[in-house]
Amino acid sequence: MSRAHDSPELVVLELPETQLVLHAIPAKIAASISITAPPARREQSALKPFFAIESISVARTAAARLGGEVFADEFSARGFNACNACDPEGNIFQVRENAS
């Protein structure tokens, strides 16, 4: 995804067929959020994005360096290998690499 626009209020990421708009959390709400280390996993969310990547191993190293985590449990399905992960705020997502 490329960054199409950013401001203090939002960031727009896009691919030719897809656009993702990330809004900043309003200050009043952000003040009530506690970010822990390691982050508390927010697994009860309505949305879990996935990202196609070259290597789960490389993603695992990068995530740890940046304050997130790619979980140990890997699984395979429909031509890919995958792992769930979380960012430094505890938001859950999935990374997928092509199965070889």
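Keep in mind the model is a prediction, meaning the values are calculated, not measured. (Residues numbered from 1 in each chain as written. Predicted model: local features only at pLDDT ≥ 70, side-chain atom pairs only at ≥ 80, totals over all residues. Heavy atoms only, no water.)

A. Up close: the packing of aromatic side chains. Under the criterion given, the structure shown has 1 aromatic pair. On the basis of an interplanar angle of 75 degrees and a centroid distance of 5.8 Å, the ring pair of phenylalanine 51 and phenylalanine 93 is categorised as edge-to-face. Placement of the pair is phenylalanine 51 in strand 4 (residues 50-52) and phenylalanine 93 in strand 7 (residues 92-98), with a sequence separation of 42 residues. Of note, arginine 41 hangs over the ring of phenylalanine 71, and the distance from its end group to the ring centre comes to 3.7 Å. Seen from the ring of phenylalanine 50, arginine 96 lies directly overhead, with NZ or CZ sitting 3.9 Å from the centre. (Phe/Tyr/Trp six-rings, centres within 6.5 Å; stacked < 30°, edge-to-face > 60°. Helix = DSSP H or I, 4+ residues; strand = E, 2+ residues; numbered from the N terminus. Lys NZ or Arg CZ within 6 Å of the ring centre and 35° of its normal.)

B. The arrangement of the layout of surface pockets in detail. What the largest pocket holds in volume is close to 1,200 Å³. Lining the largest pocket are 34 residues, with Leu22, Pro49, Phe51, Asp87 and Phe93 positioned closest to its centre. Counting residues per element, the ones that place at least two in the lining of the largest pocket are strand 2 (10-14), strand 3 (19-23), strand 4, helix 2 (56-66) and strand 7. Along the lines of polarity and charge, the residues of the lining of the largest pocket split into 24 nonpolar, 6 polar and 4 charged. (1 Å grid on protein atoms, 1.4 Å probe; cavity = no way out; pocket = protein on both sides within 12 Å on 5 of 7 lines; lining within 4 Å. Points joined across faces, edges and corners; volume = space filled by probe spheres on them. Nonpolar A, V, L, I, M, F, W, Y, C, P; charged D, E, K, R; others polar.)

C. Layout of the pairing of strand 3. Pairing analysis gives 5 bridges linking strand 2 to strand 3, with the strands arranged antiparallel. Pairing of valine 11 across the sheet is with leucine 22, part of strand 3. What sits between strand 2 and strand 3 in their antiparallel hairpin is a turn of 4 residues. (Pairing = 2+ DSSP bridges.)

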